[in-house]
Amino acid sequence: MRSAKDFFAPLAVGAPTPLREIPTRPSRAIHFFDPSNPKMAAKVPDMVGSVDVLLGNLEDAVKADNKLAARQGLVEVARGTEGLGGPDSPTQLWTRVNALDSPWGLDDLTTLVTEIGDRLDVVMVPKVQGAEDIHYVDRLLAQLEAKAGLDRPILVHAILETARGMVNVEEICGASPRMQGLSLGPADLAADRRMKTTRVGGGHPGYLVRQDPLSSSPEDVARERATHQQDLWHYTIARMVDACAMHGIFPYYGPFGDIADVVACEDQFRNAFLLGCVGTWSLHPKQIAIAHRVFSPAPEDVAHARRVVEAMGDGTGAVMLDGKMEDDASLKQCLVMVELAEQLSAVDPELKQRYDAIGTGA
Ligand SMILES: CCC(=O)SCCNC(=O)CCNC(=O)[C@H](O)C(C)(C)COP(=O)(O)OP(=O)(O)OC[C@H]1O[C@@H](n2cnc3c(N)ncnc32)[C@H](O)[C@@H]1OP(=O)(O)O
Ligand SMILES: O=CC(=O)O
Ligand SMILES: [Mg+2]
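Model, not experiment: these values are computed from the prediction. (Residues numbered from 1 in each chain as written. Chains lettered and ligands numbered in written order. Predicted model: local features only at pLDDT ≥ 70, side-chain atom pairs only at ≥ 80, totals over all residues. Heavy atoms only, no water.)

Re the UniProt feature "binding site: Mg(2+)" (unreviewed entry) in the protein
Okay, so step 1: Under the UniProt annotation, the feature "binding site: Mg(2+)" (unreviewed entry) is placed at Glu161 and Asp188. The largest pairwise C-alpha distance within this set of annotated residues, which runs over 28 residues, is 5.2 Å, so the set is compact in three dimensions.
Okay, so step 2: Tracing the backbone through its elements, the reader meets glutamate 161 in the loop between β5 (155-160) and α5 (163-167).
Okay, so step 3: Sequence-distant contacts of glutamate 161, defined by excluding residues within four places in its chain, comprise Pro126, Lys127, Gly185, Asp188, Leu189 and Asp192. (UniProt positions renumbered as here; feature names shortened; annotations may be inferred. Helix = DSSP H or I, 4+ residues; strand = E, 2+ residues; numbered from the N terminus. Contact = heavy atoms within 4.5 Å.)

Written out as structure tokens, the structure reads:
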């Protein structure tokens, strides 16, 4: 175990000093593209400025034969795209490298940090099982950063997609000052847990509760009764949110595979937003707008939050507003909304206009 005093010391001589606080850059949509797919890669330059994060995916969904082409394609996209990646860019550049137990993971990290480390904001690590995986990546990144002469640390994001990773979620979040956040990986996690769903994220009609029968007679038991579908992912997302909040890092929903079902996609994203997630993955261009809409607080909610802040004066005591009690705690809830609206307004002029137009709604 490292001493608490050493936690923020670089892990290699000449590596940048770790950050004490993870920057709150907007990341409502982490848009995945396959850099070995020329059609997708060609779309990337035009997406800069209109999506918070572009992620060059090297792992699952990239064919084994294309792994090297994807890695090289990402280097070319990063080098050739103005405004993509780096501390002041309108769109962050992330990558998802291959798993640490794959034949490609090491070369992914080595090539990307060496060639485009100055543009790379976050490395997403799949199938993280415990703190030992983060320690490995942490040390390797420090060595590579030192070698490349980088002056800011590349951050690390873990995907929660194994039962062991879930059990170790708190120690994963606290394993390194590089930890930026976690995403839910519902497909791999479902398989690893032996859940009986073949869907990529979202709900399942079989996971439900049913209204009681009027009596235990066979007729009443057989009679039509109301059912309500439950959220398969509630426990996992809530657990992930708590672990992230405890460590000052950010939770994200992951993939929603039914690209055609934009309505259920929006529902799944909104559940994650309400539970505390700051963003989600986008697999197809049409999921970007959904993610940006859902992970930006509604202008009406921001207006209400501003009214509470105004009414609460010095922030202590209790007041009545529209028949409801507000106090120190509800003020904190409102500040979450107001601060998020301010952060997003700084990068999204259209959203700023909507927040400004509604004011306090009074
Ligand atoms: C489940 C566990 C996980 O690991 S999820 C994360 C890994 N999966 C991914 O990253 C999947 C990324 N998305 C995709 O591969 C494609 O969007 C899939 C889902 C296969 C659909 O592609 P396709 O059938 O071409 O869709 P489409 O005809 O509607 O496309 C219209 C035009 O848009 C393009 N497009 C598609 N997806 C992206 C994308 N992610 N980024 C950028 N561009 C994309 C298509 O190439 C197509 O372009 P064009 O109009 O033909 O020039
Ligand atoms: O990588 C994502 C997943 O759902 O698996
Ligand atoms: Mg996965």
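The structure having been displayed, the exposition proceeds.
Description of the state of the cysteines
As used here, a disulfide is simply a covalent bond connecting the sulfur atoms of two cysteines.
Okay, so step 1: For the structure on display, the rule yields zero disulfides.
Okay, so step 2: Residue cysteine 265 stays outside any disulfide, its sulfur separated by 14 Å from that of cysteine 277, the closest cysteine. (Disulfide = S-S within 2.5 Å.)

With respect to the sheet that holds strand β4 (residues 122-125)
Okay, so step 1: Pairing within the open sheet is parallel, and its eight strands lie in the order β9-β6-β5-β4-β3-β2-β1-β10. On the outer flanks of this sheet lie β9 (250-252) and β10 (280-282), each paired with one strand and no other. Within this sheet the neighbouring strands show an average axis-to-axis angle of 25°, counted without direction.
Okay, so step 2: When β5 meets strand β6 (residues 179-184), the two strands line up parallel, connected through five bridges. Looking at the pairing, leucine 160 lines up with leucine 184 of β6.
Okay, so step 3: Lying over the sheet, helix α9 (residues 234-247) contacts β5, β6 and β9, oriented at roughly 175° with respect to β6. (Pairing = 2+ DSSP bridges. Axes fitted to C-alpha atoms, helices over the stretch in contact; angles between N-to-C directions.)

So, the site of ligand 2
Okay, so step 1: The full set of residues close to ligand 2 is Arg96, Glu161, Gly185, Pro186, Ala187, Asp188, Pro255 and Trp281.
Okay, so step 2: Here an oxygen atom of ligand 2 and a side-chain polar atom of glutamate 161 are 3.0 Å apart.
Okay, so step 3: Between ligand 2 and proline 186 there is a distance of 3.1 Å, counted from an oxygen atom to a backbone nitrogen or oxygen.
Okay, so step 4: In isolation ligand 2 offers 200 Å² of accessible surface; the protein chains occlude 93% of this area.
Okay, so step 5: A per-element tally of the shell around ligand 2 places helix α7 (residues 186-193) first, with three residues. (Near = heavy atom within 4 Å. Polar contact = N/O pair within 3.5 Å; in protein donor to acceptor, adjacent residues only side chain to side chain. Areas by Shrake-Rupley, 256 points an atom, 1.4 Å probe, with all protein chains shown as cover.)

Regarding the environment of histidine 304
Okay, so step 1: With respect to the secondary-structure elements, histidine 304 resides in helix α12 (residues 299-311).
Okay, so step 2: Taking C-alpha positions, histidine 304 is 17 Å from glutamine 343, a pair spaced 39 residues apart along the chain.

Description of unusual backbone geometry
Okay, so step 1: One non-glycine residue with positive phi stands out, namely arginine 194, at about 60°.
Okay, so step 2: By the element assignment, arginine 194 lies in the loop between α7 and β7 (208-210).
Okay, so step 3: Looking at arginine 194, the relative accessible area reads 65%, which means it is exposed.
Okay, so step 4: Unlike most non-glycine residues, aspartate 322 shows phi in positive territory, near 55°.
Okay, so step 5: Position of aspartate 322 among the secondary structure elements: in the loop between β11 (318-321) and β12 (324-327).
Okay, so step 6: A relative accessible area of 54% means that aspartate 322 is categorised as exposed. (Buried < 20%, exposed > 50% of the residue type's maximum accessible area, 1.4 Å probe, protein only.)

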